[in-house]
Amino acid sequence: DKPPIYDGLTFLEMEWHCSDFEWTTLANEHEDILQDENGERDGWGNCGNQQSAWEDHYKQHQNKHFPMKNYIQLAFPELQSKQQKTVLECGCGSGSCILPLAKQHPHNKYIAFDLSATAVECLLRHELAQSNECDITAFPWDLTSEAAPPDNKIVDASVDFATLVFVLSALETEAKSVQALTWLYKFLAPGGSVLFRDYGLLDVAHVRFHAKPKSHKVDNCTYKRGDGTLVRFFSTESAERLFNQIGFQTVRIEYHTVVNKNRSSGQEIKKVFVNGVFKKPVSSDEVVGDAAAVGGLTSQTAEPEPNTARDSQTTAETANTAEH
């Protein structure tokens, strides 16, 4: 059968974009890491103040650290819709995800937020955000906060797509991830989707971190970078479990594997990402299991493009773990 088509972009084309090697082959090469990451731990190590760490990061780098994610509509063909949609960009940073989307699809309404006020200021200074070409609203807000967004800037059940790209990996605890997803469930319209992309288990950065002193490790699959920010590496199973316990339905979840090649050394760098789409049910009748008991069903409550930058130079530790 032919794969479904989203305005001319097929899922088959998306597969070519993201399947440079089999994740299971990588897993066989690093059985020791997988075994160690499944070991018992006493709890989280010292995570530090993450809001302060990210604020310092953006004060230092402004909008010059993360490359534009021009590939994002390939990762999520749903975004190719020609109908006007409301897109919520979570953890927008200085705009590396939302700006390419707004340029390619200016007919949509875009709402963006980040816990770093400096990052939001960088985004709003961009010429596209200041032009009349597209509708972009951006403001500082912490997705893990118990307080609602300021001034009712996000209306409940109004969002068609929420992009959650390299966000959950930066959160200190699973409880904060649950809180974040609880808000997204509330904001999404029935049938709306979270478009999730984050670091995958056995990504090259994960392998490198595992080889470092244990002082970098704050929990299983979670490490602290040199600048104090966190990075967590997901399996498809761990990501799906988080979403399902809130009440989201899995549309798809998979590893995206990308090989970049260092021009100078010829070394191949194997990048792994977890890419998924999770839908809010149209009605409560679609919710299964114990998800209805979770807060997501109540009113309470951080790269060269894959396959086009294979010859990119190896960057410093933070860049390698921040975005691809």
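Residues numbered from 1 in each chain as written. Predicted model: local features only at pLDDT ≥ 70, side-chain atom pairs only at ≥ 80, totals over all residues. Heavy atoms only, no water.

A. Structural detail: the overall build of the protein chain. Scanning the protein chain from terminus to terminus reveals 12 helices and 12 strands. Evaluated residue by residue, the protein chain yields a buried proportion of 54% over its 324 residues. Approximately 14500 Å² of the protein chain is accessible, and the part contributed by carbon and sulfur atoms is 47%. (Helix = DSSP H or I, 4+ residues; strand = E, 2+ residues; numbered from the N terminus. Buried < 20%, exposed > 50% of the residue type's maximum accessible area, 1.4 Å probe, protein only. Areas by Shrake-Rupley, 256 points an atom, 1.4 Å probe, with all protein chains shown as cover.)

B. Local environment of the pairing of strand β12 (residues 268-279). A large share of β12 lies buried, amounting to nine of its 12 residues. Note: strand β11 (residues 249-261) against β12, 12 bridges, orientation antiparallel. Counted as the bridge partner of Lys261 is Glu268 from β12. The antiparallel hairpin formed by β11 and β12 contains six residues in its connecting segment, where Gly266 sits at a positive phi of about 80°. (Pairing = 2+ DSSP bridges.)

C. Layout of the nonpolar core. Grouped together as the largest cluster of nonpolar side chains are 78 residues, with contacts concentrated most on Leu88, Leu164, Leu168, Leu184, Phe196 and Phe248. The element that contributes the greatest number of residues to this core is helix α9 (residues 174-187), accounting for seven residues. Not counting chain neighbours up to four residues away, the residues in contact with Phe196 comprise Phe76, Leu164, Leu168, Phe234, Ala239, Phe243, Val274, Asn275, Gly276 and Phe278. (Core = buried A, V, L, I, M, F, W, Y, C linked by side-chain atoms within 4.5 Å. Contact = heavy atoms within 4.5 Å.)

D. Highlighting the environment of Tyr255. Along the chain, Tyr255 falls in strand β11. By relative accessible area, which is 17% here, Tyr255 ends up buried. Linking Tyr255 and Thr24, residues 231 residues apart in sequence, is a C-alpha distance of 9.9 Å. The contacts of Tyr255, once residues within four sequence positions are left out, are Cys18, Trp23, Leu201, Phe234, Ser235, Thr236, Glu237, Val272, Phe273 and Val274. A polar contact of 3.2 Å, which involves the side chain of Tyr255, links it to the backbone nitrogen of Thr236. (Polar contact = N/O pair within 3.5 Å; in protein donor to acceptor, adjacent residues only side chain to side chain.)

E. Representation of the pattern of salt bridges. Evaluated as defined, the whole model comprises seven salt bridges. Residues Glu174 and Arg241 are paired through a salt bridge, measuring 3.0 Å at the closest nitrogen-oxygen approach. Taken together, the residues span a long stretch of sequence, with Glu174 in helix α9 and Arg241 in helix α11 (residues 236-246) at a distance of 67 residues. A residue is classified by how much of its surface remains accessible, and Glu174, at 31% relative accessible area, is partly exposed. Judged by its relative accessible area of 41%, Arg241 is partly exposed. The salt bridge involving Asp203 is made with Lys271; its shortest N-O contact spans 3.2 Å. Taken together, the residues Asp203 in the loop between β7 (188-199) and α10 (204-211) and Lys271 in strand β12 connect sequence positions 68 residues apart. (Salt bridge = Lys/Arg side-chain N within 4 Å of Asp/Glu carboxyl O.)

F. Broad picture of the packing of aromatic side chains. In this structure the tally under the stated criterion is 16 aromatic pairs. Their ring planes at 70° and their centres at 5.1 Å tell us that Phe113 and Trp141 sit as a pair that is edge-to-face. Highlighted residues: Phe113 in strand β4 (residues 109-114) and Trp141 in the loop between β5 (135-140) and β6 (159-165), separated in sequence by 28 residues. A residue is classified by how much of its surface remains accessible, and Phe113, at 2% relative accessible area, is buried. Look at Phe196 and Phe243: their rings are 5.3 Å apart centre to centre, the planes differ by 65°, and that puts the pair in the edge-to-face class. Highlighted residues: Phe196 in strand β7 and Phe243 in helix α11, separated in sequence by 47 residues. Its relative accessible area of 0% is what places Phe196 among the buried residues. The buried category is assigned to Phe243, whose relative accessible area is 0%. (Phe/Tyr/Trp six-rings, centres within 6.5 Å; stacked < 30°, edge-to-face > 60°.)

G. Local environment of the pairing of β6. Most of β6 is tucked away: six of the seven residues are buried. Where strand β3 (residues 86-90) meets β6, four bridges bridge the pair, whose relative direction is parallel. By the bridge assignment, Leu88 is partnered in β6 with Ala162.

H. Inspection of α10 at higher detail. Residues of α10 that are buried: Val204, Ala205, His206, Phe209 and His210. The opening residue of α10 is Asp203, an N-cap whose side-chain oxygen sits 2.9 Å from the backbone nitrogen of Ala205.

I. Local environment of the sheet that holds strand β10 (residues 230-232). Spatially, β8-β9-β10 is the arrangement adopted by the three strands of the open sheet, whose pairing is antiparallel. Strand pairing shows two members of the sheet lacking a second neighbour, β8 (217-219) and β10, which therefore form its edges. Put simply, the sheet's adjacent strands are angled 30° from each other on average, direction ignored. (Axes fitted to C-alpha atoms, helices over the stretch in contact; angles between N-to-C directions.)

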